Amino acid sequence: MHVALYSRGFITEDIANIRLLLEELQRAEIEAIIYEPFYRTLQQHIPFDSVPPLFSSAEDLPGKIDFLMSLGGDGTLLDTVCYVRDTNIPVIGINFGRLGFLASIGKEEIYALVQALLNRTYVVDQRSLLHLDANIPLFGDVPYALNEFTIHKKDTSAMVKIHTYLNGEFLNTYWADGLIVATPTGSTGYSLSCGGPIVFPDAGNFVITPVAPHNLNVRPIIVPNNNIISFEVEGRSDQFLCTLDSRMETIDNTVQLAVKKEEFKLSLLRLDDSNFLHTLRNKLLWGIDARNTIKI
């Protein structure tokens, strides 16, 4: 078995857990292929007998690994979309960050995780992605996102006007700081903080959520993900921001944008004693109420 390890970096407190993970993988005879920048930093703190197999791009992975482990928070896990792409390699999120909604496996579960990999007692969820089309090249060869696509004003400029269409039919003009189109997975991220609803991960929907709308009667809306959502942007500024998850591009009002459901999905691995409702209760503290008698 081969497992790729990806991380943006780590703090001193994480070293013991990273060491434990490497030791457990070695004990289970699972070969670790490490993200090269991560390894270069890690070798200053953990001695390696020899240089392990390394990867630095998506081209290094297909056909070589069974899983990709993300060591960090949800932002780190979102990065892995750029590496696994359409290979269907399952992603494992180990939470070395703060909230860890997507990276739901705790640091204290490292031993249990390795045993689950050996015994194949895990669950792999299929998470839908969204795809961005534009009349100019944007986001290289990774024009898709797991969480959300956004259009946003740049810096402290005035609000923007975002003309929005569903399958070519006019939906609304949003006067706002920006607009979010979230997948079900992304409904618990930026969209939620802007007042959007929580959507179950296996729902076939997009959530369109305005950011600080100027019209108080404009609210988030859920649409089927078989729609193509297109946009035209206006504003006093000549430039706007366009994002896919944590990646960002600067555009102007001549750029035409459209979002649709991506043809492939992301495989996200979880332990079999964890599910979406469990994550809701533990990460968003649902049910934490002295009046509740049901233990969560």
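Everything below is about the structure printed above this text.
Note that this is a predicted model, so its numbers are computed, not measured. Along each chain, residue indices are assigned from 1 in the same order as the chain's sequence is written. The predicted nature of this model means local features are confined to residues of pLDDT at least 70 and side-chain atom pairs, given and counted, to a pLDDT of 80 or more, with totals for whole chains, interfaces and linings taken over all residues. Water and hydrogen atoms play no part in the side-chain values, which are based on all heavy atoms of the structure.

Looking at the overall build of the chain
Here a helix means four or more residues in a row that DSSP labels H or I, a strand means two or more in a row labelled E, and each is numbered from the N terminus. Helices and strands together make up the secondary structure of the chain, namely 7 helices and 18 strands. The C-alpha atoms of the chain give 21 Å as radius of gyration, which agrees with the globular expectation for 296 residues (19 Å, within 12%). Dimensions of the chain, computed from the C-alpha atoms along their principal axes, are close to 60 × 50 × 35 Å. The buried label goes to any residue with under 20% of its type's maximum accessible area, the exposed label to any with over 50%, and the partly exposed label to all in between, with areas taken from a 1.4 Å probe on protein chains only. Within the chain, buried positions represent 49% of all 296 residues. Intrachain contacts of the chain at a sequence separation of at least 6 include 67% that bridge at least 24 residues. As displayed, the chain offers around 14,500 Å² of accessible surface, 49% of which is attributable to carbon and sulfur atoms. Our radius of gyration looks at C-alpha atoms and nothing else; its globule reference is 2.2 Å times the residue count to the power 0.38. Should any heavy atoms of two residues lie within 4.5 Å, those residues are counted as being in contact. Working definition of accessibility: Shrake-Rupley area with a 1.4 Å probe, residue cover restricted to the visible protein chains.

Points about the sheet that holds strand S12 (residues 178-182)
Whether two strands pair depends on DSSP finding at least two bridges between them. The sheet built from 6 strands is open, its strands ordered S14-S13-S12-S9-S16-S17 with antiparallel pairing. Each edge of the sheet is formed by a strand with only one pairing partner; in this case those strands are strand S14 (221-224) and strand S17 (247-252). Taking the axes of each pair of neighbouring strands and ignoring which way they run, one obtains an average angle of 20 degrees across the sheet. To define axes, lines are fitted to C-alpha atoms, for helices over the stretch in contact only, and angles between the resulting N-to-C directions are given on a 0 to 180 degree scale.

Quick look at the environment of Ser7
Its place among the elements puts Ser7 in the loop between strand S1 (2-6) and helix H1 (15-27). Spatially, the C-alpha atom of Ser7 lies 9.5 Å from that of Phe96, the residues being 89 residues apart in sequence. The residues contacting Ser7, other than those within four sequence positions of it, are Tyr35, Phe38, Leu71 and Thr76. One polar contact links the side chain of Ser7 to the main-chain carbonyl oxygen of Gly9, over a distance of 2.9 Å. For Ser7, the side chain forms a polar contact with the main-chain oxygen of Leu71, separated by 2.8 Å. The term polar contact refers here to a pair of N or O atoms within 3.5 Å; inside protein, the definition further demands a hydrogen-donor-capable atom paired with an acceptor-capable atom, and it admits residues adjacent in sequence only when both atoms are side-chain atoms.

Remarks on the environment of Gly235
Along the chain, Gly235 turns up in strand S15 (residues 229-235). Taking the C-alpha atoms as reference, Gly235 lies 8.7 Å from Ile162; in sequence the two are 73 residues apart.

Thoughts on the environment of Leu280
Structurally, Leu280 can be placed in helix H7 (residues 276-283). The sequence separation of Leu280 and Phe149 amounts to 131 residues, and the corresponding C-alpha distance is 23 Å. Excluding residues that lie within four positions of it along the chain, Leu280 makes contacts with Phe101, Ile198, Leu285 and Trp286.

Some remarks on the packing of aromatic side chains
Geometry of aromatic contacts follows a simple scheme: Phe, Tyr and Trp rings, the Trp one being its six-membered ring, pair when their centres are within 6.5 Å, and the pair is stacked under 30 degrees between planes, edge-to-face over 60, tilted otherwise. Considering all chains together, one arrives at 12 aromatic pairs under this definition. Here Phe55 and Tyr83 contribute two aromatic rings whose centre-to-centre distance is 6.0 Å and whose plane-to-plane angle is 80 degrees, an arrangement assigned as edge-to-face. Remark: Tyr83 occurs in helix H4 (residues 81-84) and Phe55 occurs in strand S3 (residues 54-55); sequence separation between them is 28 residues. Among the residues examined, Phe55 registers a relative accessible area of 1% and is labelled buried.

Looking at the nonpolar core
Throughout this description, the term nonpolar core refers to a set of buried Ala, Val, Leu, Ile, Met, Phe, Trp, Tyr and Cys residues connected via side-chain atoms within 4.5 Å. In terms of nonpolar packing, the biggest core is built from 56 residues, with Leu5, Leu68, Met69, Ile92 and Leu113 touching the most fellow members. With sequence-adjacent residues up to four places away left out, Met69 is seen in contact with Val3, Ala4, Leu5, Tyr6, Leu21, Leu25, Ile92, Ile94, Leu113 and Leu117. Membership of the second largest hydrophobic core comes to 27 residues, among which are Leu132, Tyr174, Phe240 and Ile251.

Topic: the packing of H1 against helix H5 (residues 110-119)
Packing of H1 against H5 brings their axes to within 10 Å, and their N-to-C directions diverge by 25 degrees. Put simply, H1 runs roughly parallel to H5. With respect to the hand of their crossing, H1 and H5 are arranged in right-handed fashion. Along its contact with H1, which presents Asn17, Leu20, Leu21, Glu24 and Leu25, the element H5 presents Ile110, Tyr111 and Val114. Here roughly perpendicular refers to angles of 65 to 115 degrees, roughly parallel to angles under 35, roughly antiparallel to angles over 145, and oblique to all remaining angles. In a left-handed crossing the near helix is turned counterclockwise from the far helix by less than a right angle, and in a right-handed crossing that turn is clockwise.

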